[in-house]
Amino acid sequence: MSSMTPELKFTTFEEIDEIYSTLNKTFRSGKTRPIAFRKAQILQLVTLCRTTLNVSRKPLPLTLEDLRKNCILHSSLELNPTISDCRIAYDRVDKWARTEKAPFNIKFAAFRPVIRKEPKGVVLSICPFNYPAWLALGPSYVPFGAIAAGNCVVLKPSESTPYKRSHRRTHSKVYDNDVVRVVLGGVPETTKLMEYQWGHVLYTGNGRVGRLIGIAAAKTLSPISLELGGKSPVVIDAKCDFKIAARRIMWGKCVNAGQTCIAPDYVLVPRSSEDAFIKASKMRTHDEFYPSGAVNTPDISHLINTVHFHRLKNLLDNTSGTIAFGGQTDESRKFIAPTVVKGVKDGDSLMSDEIFGPILPIMPVDDVDAAIAYINAHDHPLALYCFSSDAAFKNKVFDNTQSGSAIANDVLLQGGIDGLPFGGIGPSGSGYNHRNFSFDMFTHLRGSLDSPGWIDNILGGRFPPYTSGKLASLNRFGATLPPRPRISANGHAFKELIERGRSTKWLFLCKSSSGQH
């Protein structure tokens, strides 16, 4: 018997047609609507994750082979969040899906207006490669929110995703095959999928592909959410604790080899503090993380493939900055050591696009105003980090910038905090994900009311023939306005307008105008 890995077969177009047809039939049958069915699907996933975590205590084989991911990271960043998210969904889906009463209004209470929480139908999730176990098992990208919302799901993992062969096997063990299906492939298969109309499309990846997905979704009028990442900056206050800041920033940059959409992408530090921050990053962080050196430690993940390795090495080879430490590369292992580059300027190769790797550019700036100006001159990032103990400093940074999230004195943790939405703004994405926000993404809020027969005694004025009396009766349902403000919409005080009105010229114009009528 051959020990060779079986050849991966992409999903054929005929199979994609069958999948789309089957899932639509399932959804129309109403099978996924009962809360009990949804909870059963979620519980299946929790059980599989718990078994994987307790029994194996090791990453799935191809996670180790392709990403060299540490077992602790695998558990803490993928399996445990999956279990936590699914447990929250299991406990709260009844509340999330409950029909809500509209805000009370005495004028419309008789209509008994409500908001029904209904599934959108068959939805599509196009996933990245960077957290493969999370992708295969499902809390954010299958996504579990779509299951909790009562939808049928097609999952399209990235063609770069490790162990994508196991996606089908995993989902067949966890989910009903008539509810969740996996499509394997590259650009042709994704293009085929985008020819269909979907209840919702969630794409997670880079902005270049995101634009293409958005254009394709527009052709079928399929609603879409985008999680696109971007260059997430870190703003450093010269008065902050550099040891704490460097430790947390370097961890966020190095975990999963920097292949995280909300990883800190570059640091904006006061010019006078650049060397002190780099010293803290090297001596008090890097050397503590990797006491035997970064090249051979088992605690650093590797890059997903040689394409990404060469992309990052090219950025590093062409930078005009100076490598402060790190810089070692090994193509055979798809490995780049954690690297800090100082003296980076706008227009540098490292500032051209999201790095998505363990390379951290340090850009010195004159002050916080210069840092804010630089951030605002570029695309809104998925995350913005600020390290400072000064509330005024943090507020200045956050109040004068835009980003998907605004995080003070830590990195990455916003992705796991219960109750916080996860999503970008503008070029870094649209829509919100994670837990109840994921449920909401895949839920249609269907307005509903039940009008009683006697209401025509009150709203009879809506029927012709129309008279002044009917108009007066309908006006009772109109809104009343608050007192006129002292400040006009353009910021001028009405008092100033009144004073101008007392001038002879103003009175002359008013009289002339009234005379024309």
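About the thresholds
Within every chain, residues take consecutive numbers counted from 1 along the sequence as written. Only residues with pLDDT of at least 70 are given local features in this predicted model, and only at 80 or more are side-chain atom pairs given and counted; all residues enter the totals for whole chains, interfaces and linings. Calculation of side-chain values draws on the structure's entire complement of heavy atoms; hydrogens and water are dropped beforehand. Runs of H or I in DSSP of at least four residues are treated as helices and runs of E of at least two as strands, each being numbered from the N terminus. The classification of residues rests on relative accessible area computed with a 1.4 Å probe and restricted to protein chains. Under 20% of the type maximum is buried, over 50% is exposed, and intermediate values are partly exposed. Only the protein chains shown count as covering a residue, and every accessible area follows the Shrake-Rupley method with a 1.4 Å probe. The pLDDT value tells you how sure the predictor is about a given residue, anywhere from 0 up to 100. Contacts were defined at the residue level, with two residues in contact if any of their heavy atoms lie within 4.5 Å. The working definition used for a salt bridge is a side-chain nitrogen of Lys or Arg within 4 Å of a carboxyl oxygen of Asp or Glu. Pairing between strands is defined by DSSP: at least two bridges between them are needed. Here an axis means a line fitted to C-alpha atoms, over the contact stretch when the element is a helix, while the angle between two N-to-C directions is reported on a 0 to 180 degree scale. Residues scored as charged are limited to Lys and Arg (positive) and Asp and Glu (negative), so that His and the chain ends carry no count. For the purposes of these results, a polar contact is taken to be a pair of N or O atoms within 3.5 Å, where, inside protein, one atom must be able to donate a hydrogen and its partner to accept one; residues adjacent in sequence count only when each atom of the pair is a side-chain atom. An angle below 35 degrees is read as roughly parallel, one above 145 as roughly antiparallel, one from 65 to 115 as roughly perpendicular, and any other as oblique. Put simply, a crossing is left-handed when the front helix is turned counterclockwise from the back one by less than a right angle, and right-handed when it is turned clockwise. Residue polarity follows a fixed list, in which Ala, Val, Leu, Ile, Met, Phe, Trp, Tyr, Cys and Pro are nonpolar, Asp, Glu, Lys and Arg are charged, and the others, Gly among them, are polar.

Student: Where do I start with the overall build of the protein in this structure?
Tutor: Regarding its fold elements, the protein presents 19 helices and 18 strands. Here the protein, with 517 residues, has 49% of them falling under the buried criterion. Counting only carbon and sulfur atoms, one obtains 56% of the accessible surface of the protein, whose full area is about 25,700 Å².

Student: What exactly am I supposed to notice about the confidence of the model for the protein here?
Tutor: A low pLDDT score tells you not to read the predicted coordinates there in detail. Summarising the model, the protein shows a mean pLDDT of 86, and 81% of its residues fall at 70 or more. For residues 59–65, every residue scores under 50 in pLDDT, and the model assigns this stretch 18 contacts once sequence neighbours within four places are set aside. For residues 504–517, every residue scores under 50 in pLDDT, and the model assigns this stretch four contacts once sequence neighbours within four places are set aside.

Student: It is not clear to me how the pattern of salt bridges should be interpreted in this structure. Could you clarify?
Tutor: Two side chains that carry opposite charge are able to pair once their charged atoms sit near each other. One pass over the full model with this rule turns up 22 salt bridges. Residue R435 is joined to D85 by a salt bridge in which the shortest nitrogen-to-oxygen separation is 2.6 Å. Remark: D85 occurs in helix 4 (residues 71–97) and R435 occurs in the loop between strand 17 (429–430) and helix 15 (436–441); sequence separation between them is 350 residues. Overall, the relative accessible area of 6% leaves R435 in the buried class. Look at D85 and you get buried, because its relative accessible area is 3%. In this structure, D265 and K231 form a salt bridge, with 2.4 Å as the shortest nitrogen-oxygen distance. Remark: K231 occurs in the loop between strand 7 (224–227) and strand 8 (232–236) and D265 occurs in strand 9 (residues 264–270); sequence separation between them is 34 residues. Considered together, D265 and K231 belong to a single accessibility category, that of buried residues.

Student: Sorry if this is basic, but what is going on with the sheet that holds strand 10 (residues 322–325) here?
Tutor: Where strands meet in a sheet, backbone hydrogen bonds hold them as pairs that are either parallel or antiparallel. Strands sit in the order 10-13-14-9-8-15-16 across an open sheet of seven strands; the sheet is mixed. What marks the edges here is a single partner per strand, and that holds for strand 10 and strand 16 (405–408). The sheet shows a mean angle of 25 degrees between the axes of neighbouring strands, taken without regard to direction. As judged from the four bridges shared by strand 8 and strand 9, these two strands associate in the parallel manner. Residue S232 lies in a different strand from strand 9, and its bridge partner there is P264. This element, helix 10 (residues 242–254), spans strand 8, strand 9, strand 10, strand 13 (339–342), strand 14 (359–365) and strand 15 (383–387) of the sheet and lies at about 160 degrees to strand 9. Packing of helix 11 (residues 274–289) onto the sheet brings it into contact with strand 8, strand 9, strand 10, strand 13 and strand 14, and relative to strand 10 it is tilted by some 40 degrees.

Student: Sorry if this is basic, but what is going on with the side chain of R38 here?
Tutor: If you trace the backbone, R38 turns up in helix 2 (residues 35–56). One buried charged side chain, R38, makes no salt bridge at all; its nearest oppositely charged neighbour is D94, positioned 9.0 Å away. Within the local environment of R38, its side chain forms a polar contact with the backbone oxygen of A148, the two atoms lying 2.9 Å apart. Not counting residues up to four positions away in its chain, the partners in contact with R38 are T32, R33, A97, P119, I147, A148, A149, G150 and F439.

Student: Whenever I open this one, the sheet that holds strand 2 (residues 114–119) confuses me. Can you help?
Tutor: A sheet is described by the order of its strands in space; here three strands give the open sequence 1-2-18, paired in antiparallel fashion. The sheet is open, and its two edges are formed by strand 1 (100–101) and strand 18 (443–448), each paired on a single side.

Student: Got a minute to help me understand the packing of helix 13 (residues 368–376) against helix 14 (residues 391–399) in this structure?
Tutor: When two helices pack together, you describe them by how their axes are tilted relative to each other and by the distance separating the axes. For the pair helix 13 and helix 14, the least separation of the axes is 10 Å and the interaxial angle reads 25 degrees. By the angle class used here, helix 13 and helix 14 are roughly parallel. The element helix 13 and its partner helix 14 pack so that their crossing is right-handed. Seen from helix 13, the contacting residues are V368, D369 and I372; seen from helix 14, they are F393, K396 and V397. Here the residues of the contact of helix 13 with helix 14 sort into four nonpolar, no polar and two charged.

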